[in-house]
Amino acid sequence: MTLFTLAAWTCCVPGVSITMTQSQVTHVSMYPMSGRTMNERFGSAIGTAGDINGDGFDDLIVGSPNDSSFAFEVGSVRVFSGEDGIVLLTLHGTLLSDHFGTAVSSAGDTNNDGVGDLIIGAPDSDQNGMSSGSAQVISGLTGELLHVLLGEHVEDAFGSSVGCAGDVNNDGFDDLIVGSYNESHLVSRTGGARVFSGADGSLLYEVFGESPFDYLGYAVDTAGDINLDGFDDFVVSAYLDDDNGIDSGTVRFYSGIDGSLIRVIKGESAADYFGFSVCHSGDVDNDGWDDVIVGAYGNDANGPNSGSATVISGRTGEFLHVFRGEQAGSYFGYSVSGAGDVNGDQHDDLIVGAQFSGTNGLHSGSAFVYSGADGTVLYAFHGDDSGDFFGQSVAGAGDANNDGISDFVVGAWGDDNLGSESGSVRLFLSVPFPGAPEPCPGDINDDGLVDCNDLNVILSNWNNDCQ
C-alpha cells in the first residue's frame, strides 16, 4: 500500500477555521483491480459511474476492449463498488471484435429515475457495416439496455468516444454525445459527433469536421453551461486538424441550445495532436463557469513528444494553466481529466497521464495531479514495471469513499498481473490520518466556517422539495 500526501485543506468546528496539513491526509491505493485474462487490456477506458447502487459511495466503470472470454475481442465492461471494490455489474459486447468498452462514461441520469446511467462505446461493431460502430446506454439502477445508438456507415468507428452531454435541451433528462472520428462526411474522414436525447434516444445535433482527416469526434465531452444561457454545451476535438500546421489539432465548443459553434481553440504547432484527449474539468478558477482540459501528447516544448495539457476557461476561452511533460517521448497529455477538488481548497483539480514515461522502466507510465488554483503539482504516480503504460487512462472517481474529498483512478492496460497485457486499474482514495480534524457537517456553503451564512442557506431553501 502506497501513501501520497495531499496539500493542505480546511475543515471546521463552529466558528473556527482549521487547516489540515499534508501530514494529516494521504491518498491510498485501494481495491487493486485487474483484468482476468491475457491481452484483455483492462483499464484502457475508465471513469466514474456515479453512485449506481445508492449506498452513498461513487462507483467506477472500467473497459476491457480486447476481452475474449465471451467471444474473440468482443470486449467487456465492469462496474466496481467505490465502497469495497466488489463487482456490481458485468457487461459484454454482442459480436466478436466489437471492442466493446473502448470508451466508457457516466451518461448522467438519462431516464430521470434518480440513478446515474452508463454509456459504452463499441467502435468496431458491424450493425450498419464493418466497423460502423455503436454505443449502448445502460440503466445504472437495473443494468437494462436503455438505448442502442448506431454508426451510419462502414468504418465510421462510431462509439470510439462517448460521454454525457449534460442536459443540452433543458428537458430534465441528461443527454449523450458520441464521436465517430473516422466518418467521411462529403470528404474522406472528416470525422463527426452526434448528440442524442437521453429521454428517447433521438438525434438532437450532429457536427462534422471541415477537411479530410480532421478526425473530428476523436474526443467528446460536456463543456457545462459555458455561456450561462441555461443549456449545457459540449466540446468536440479534431486532433489532426491542420489550422496551425499539419496535425496541430483543434477543439471546438458548441452551444447546447442550437448546436451552433461557440469557439475554436487551436493547437500551437504542427504535430501537437491538440485535442487527442478532452475532458470537462469542473470550475477550475472558481468563477462560476465550467472549464475544460485538453491534451496534446505531441507537443515538443520539452523535447519531441514530451506533450502538454491545457486548461481552458469556459467563460473566456483563455488558457488558465498549461502543463508540460518533462521527458521527451513521455506522451504527457495522452489522457486528461478533471479530478474534482482533491485538496479541499474549493478549486477543482486536474489529472494528466503520460503513458510512455519511463520512471520505472521503459513505458512504465506516469500520472500527475495538478492544483486547479495555482497549477502546482500535487502528486506524481508511476507505473511499477516496464510496459505497464500506467496513465494511458485517467479519471476523477468522484467521492468513492464518501469522506468529502474527491478521489481519482488511473489505468495501466499493459500490466501483466494475470497474463500479458491483462491490465490493471488503481483507485486512489483520500484517507485522513487518525486524529485529523473531521469535516464539519454544519458548513453548508463550504467556506470553512459554521456561521450565519450557513443558516441563511438553510432558511432560503426552507420547505423546498429535495426529492
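Cut-off values and rules
- Residues numbered from 1 in each chain as written.
- Predicted model: local features only at pLDDT ≥ 70, side-chain atom pairs only at ≥ 80, totals over all residues.
- Heavy atoms only, no water.
- Helix = DSSP H or I, 4+ residues; strand = E, 2+ residues; numbered from the N terminus.
- Buried < 20%, exposed > 50% of the residue type's maximum accessible area, 1.4 Å probe, protein only.
- Contact = heavy atoms within 4.5 Å.
- Phe/Tyr/Trp six-rings, centres within 6.5 Å; stacked < 30°, edge-to-face > 60°.
- Lys NZ or Arg CZ within 6 Å of the ring centre and 35° of its normal.
- Pairing = 2+ DSSP bridges.
- Patch = residues over 30% accessible without salt bridge, like charges linked within 9 Å, V, L, I, M, F, W, Y side chains within 5 Å.
- Areas by Shrake-Rupley, 256 points an atom, 1.4 Å probe, with all protein chains shown as cover.
- Salt bridge = Lys/Arg side-chain N within 4 Å of Asp/Glu carboxyl O.
- Axes fitted to C-alpha atoms, helices over the stretch in contact; angles between N-to-C directions.
- pLDDT = per-residue confidence, 0-100.
- Core = buried A, V, L, I, M, F, W, Y, C linked by side-chain atoms within 4.5 Å.

## Here we look at the environment of F70
Argument step 1. Structurally, F70 is set in the loop between β6 (59–64) and β7 (76–80).
Argument step 2. Its relative accessible area of 53% is what places F70 among the exposed residues.
Argument step 3. Leave out the neighbours within four places in its chain, and F70 touches H92 and G93.

## Some remarks on the packing of aromatic side chains
The geometry of two aromatic rings is summed up by the distance between their centres and the angle between their planes.
Argument step 1. Scanning the entire structure with this criterion turns up 29 aromatic pairs.
Argument step 2. Residue placement shows R263 over the ring face of F253; its charged tip is 5.7 Å from the ring centre.
Argument step 3. Across the ring face of W289, the terminal group of R315 is positioned such that the distance to the ring centre comes to 5.6 Å.

## Quick look at the pairing of strand β21 (residues 277–282)
Argument step 1. The buried fraction of β21 is high, at five of six residues.
Argument step 2. The sheet contact formed by β21 and strand β22 (residues 291–296) spans five bridges and is antiparallel. Bridged to V278 within β22 is V294.

## Some details on a nonpolar patch on the surface
Argument step 1. Residues L145, V148 and L150 make up a contiguous nonpolar surface patch of roughly 230 Å² in combined accessible area.
Argument step 2. Relative accessible area serves as the criterion here: at 46%, L145 is assigned to the partly exposed category.

## Digging into the sheet that holds β7
Argument step 1. An order of β5-β6-β7-β8 is seen for the four strands of this open sheet, with the pairing classed as antiparallel. Strands with a single pairing partner mark the edges of an open sheet, and in this sheet they are β5 (45–50) and β8 (87–92). Between one strand and the next, the sheet's axes are offset by a mean angle of 20°, whatever the strand orientation.
Argument step 2. Inspection of the sheet shows β7 paired to β8 by five bridges, in the antiparallel sense. Within the sheet, the bridge partner assigned to S76 lies in β8 and is H92.

## Brief notes about the confidence of the model for the chain
Argument step 1. The share of residues in the chain with pLDDT of 70 or more is 87%, and the mean pLDDT across the chain is 90.
Argument step 2. In the predicted structure, residues 1–24 sits below a pLDDT of 50 and forms 82 contacts with residues beyond four places in sequence or in another chain.

## Regarding the side chain of S277
Argument step 1. You can see S277 is positioned in strand β21.
Argument step 2. Judged by its relative accessible area of 7%, S277 is buried.
Argument step 3. Excluding anything up to four places from it in sequence, S277 contacts A219, I293, V294, G295, G333, Y334, S335 and V336.

## Comments concerning unusual backbone geometry
Leaving glycine out, the prevailing phi sign among residues is negative, and the prevailing peptide bond configuration is trans.
Argument step 1. Its identity is not glycine, yet S131 carries a phi of approximately 55°, on the positive side.
Argument step 2. Summarising the element assignment, S131 is placed in the loop between β10 (117–122) and β11 (134–138).
Argument step 3. Phi at Y273 takes a positive value of approximately 60°, unusual for a residue other than glycine.
Argument step 4. In this fold, Y273 is placed in the loop between β20 (261–266) and β21.

## Topic: the nonpolar core
Argument step 1. In terms of nonpolar packing, the biggest core is built from 15 residues, with I61, V79, L118 and I120 touching the most fellow members.
Argument step 2. Those elements that place two or more of their residues in this core are β5, β7, β8 and β10.
Argument step 3. The dominant element in this core, judged by the number of residues it contributes, is β10, at three residues.
Argument step 4. Setting aside chain neighbours within four positions, we find I61 in contact with A45, I46, G47, T48, A49, V77, R78, V79, V104, L118 and I120.

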